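Summary of structural features
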Amino acid sequence: MPEHRRERKVTFLHLVGTAGPYGEVSLKVTSSPREATLVADGLPRATISNPGTPYGHIAIDERTRLTVGGVTARVSRNRRALRKEDRGIGIVLGDRRYIYLCGPTGREELRDSERGPVVRQGDPPAGVMMTLDVLPEADATDLALALIMQGADRLVLTVGGAIVSGVMSFLNGSERNM
């Protein structure tokens with residue numbers, strides 16, 4: 001919870017925790033500007049923003065801007081997809097290609113096109129909002145990307161979320177959602 005009342009008005013979500021050897025991490029999603037920012041001493045700085053997001057998590061569409069370690073990523077998704085693999089959020093970060101999707105276990109995971117799964121949602125203990133399992137192949141960039149995606153609207157990864165997203169997009173007359 002932000003200390004100052006004014007800061008509470010513009011903060012949608014603020015997650016703080018420890019990322020093993022990388023130390024303390026902070027993910028803050030703000031309403032003004034509409035952006036999620038990851039700050040951690042041992043990880044590359046990461047941000048995700050979308051000026052068209054009304055409130056809540058950052059929407060994924062053609063206006064989404066994602067950067068990790070100063071490198072801007074291309075983000076894409078197929079909003080008409082039915083299969084889990086096809087509903088994933090595609091991310092090209094420099095020479096790396098990722099897909100963020102709901103994996104075979106029903107938990108979200110970040111997969112590298114060459115190394116396979118690198119970070120996966122864990123089973124949080126009581127009183128903990130979320131945990132991430134970092135697989136041995138992962139590096140600091142992979143973890144920073146997986147953490148910043150916690151600020152994105154990931155509802156579209158499920159069939160129900162994809163249907164709701166498609167209906168809302170249709171009703172709003174928007175062709176902007178990918």
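Here is a short report on the structure shown in this document. Keep in mind that this is a model prediction, so the values were computed, not measured. (Residues numbered from 1 in each chain as written. Predicted model: local features only at pLDDT ≥ 70, side-chain atom pairs only at ≥ 80, totals over all residues. Heavy atoms only, no water.)

**Some words on the overall build of the protein chain**
Cut-off, in case you're wondering: Secondary structure elements are defined from DSSP: runs of H or I of at least 4 residues count as helices, runs of E of at least 2 residues count as strands, and each element is numbered from the N terminus. Buried residues are those whose accessible area, probed at 1.4 Å on protein chains only, stays under 20% of the maximum for their type, while exposed residues exceed 50% and partly exposed ones sit between those limits.
Along the backbone of the protein chain there are four helices and eleven strands. Looking at the protein chain as a whole, 43% of its 178 residues are labelled buried.

**As for the pairing of strand S9 (residues 108–112)**
Applied cut-off: Strand pairing follows a simple DSSP-based rule, namely that at least 2 bridges must link the two strands.
Across the five residues of S9, four count as buried, placing the element largely inside the fold. Here strand S8 (residues 96–102) runs beside S9; their pairing, made up of five bridges, is antiparallel. Bridge pairing in S9 links Ile99 to Arg111. Hairpin connection of S8 to S9: five residues between the antiparallel strands, including Gly106 at a positive phi of 90°. Pairing of S9 with strand S10 (residues 116–121), which is carried by four bridges, proceeds in the antiparallel orientation. Paired with Asp112 across the two strands is Gly116, which belongs to S10. Adjacent in sequence and paired antiparallel, S9 and S10 are bridged by three residues.

**So, the pattern of salt bridges**
How we decide: Any carboxyl oxygen of Asp or Glu that lies within 4 Å of a side-chain nitrogen of Lys or Arg is treated as forming a salt bridge with it.
Applying the stated criterion across every chain yields a total of nine salt bridges. Two residues, Glu108 and Arg154, come together in a salt bridge whose shortest N-O distance is 2.5 Å. Within this pair, whereas Glu108 is found in strand S9, its partner Arg154 is found in the loop between helix H3 (140–148) and helix H4 (159–171), the two being separated by 46 residues in sequence. The pair formed by Glu108 and Arg154 is uniform in burial state, with each residue classed as buried. Where Asp142 meets Arg115, a salt bridge forms, and the shortest distance between an N and an O atom there is 2.7 Å. Here Arg115 lies in the loop between S9 and S10 and Asp142 lies in helix H3, a separation of 27 residues in the sequence. By sharing partners, the salt bridges in this structure join Arg96, Asp112, Arg115, Asp139 and Asp142 into a single network.

**Notes on the sheet that holds S8**
The test is simple: Only the stretch in contact is used when a helix axis is fitted, and all axes are lines through C-alpha atoms; the angle between N-to-C directions ranges over 0 to 180 degrees.
Reading across the sheet, the eleven strands line up as S1-S2-S3-S4-S5-S6-S7-S8-S9-S10-S11 and stay open at both edges, with antiparallel pairing between neighbours. Where the open sheet ends on each side, the last strands, each with one partner, are strand S1 (11–18) and strand S11 (132–134). Adjacent strand axes in the sheet meet at a mean angle of 20° when their direction is disregarded. Pairing geometry for strand S4 (residues 46–49) and strand S5 (residues 65–68), over four bridges, is antiparallel. In the strand pairing of S5, Ile48 is matched with Leu66.

**Comments concerning H3**
Convention followed: Under this definition, polar contacts are N or O atom pairs within 3.5 Å; protein pairs additionally need one hydrogen-donor-capable and one acceptor-capable atom, and for neighbouring residues in sequence, both atoms have to be side-chain atoms.
Counting buried residues along H3, eight of its nine residues qualify, which places the element largely inside the surrounding structure. Its side-chain oxygen placed 3.1 Å from the backbone nitrogen of Thr141, Asp139 serves as the N-cap of H3.

**A short note on the pairing of S10**
Relative to S11, S10 runs antiparallel, the two sharing three bridges. In the strand pairing of S11, Val119 is matched with Val134.

**Focus: the environment of Arg77**
As for its placement among the helices and strands, Arg77 is situated in strand S6 (residues 71–77). According to the relative accessible area criterion, Arg77 is buried, its value standing at 11%. Separated by 17 residues in the primary sequence, Arg77 and Ile60 place their C-alpha atoms 7.8 Å from one another. Within the local environment of Arg77, its side chain forms a polar contact with the backbone oxygen of Ile60, the two atoms lying 3.4 Å apart.

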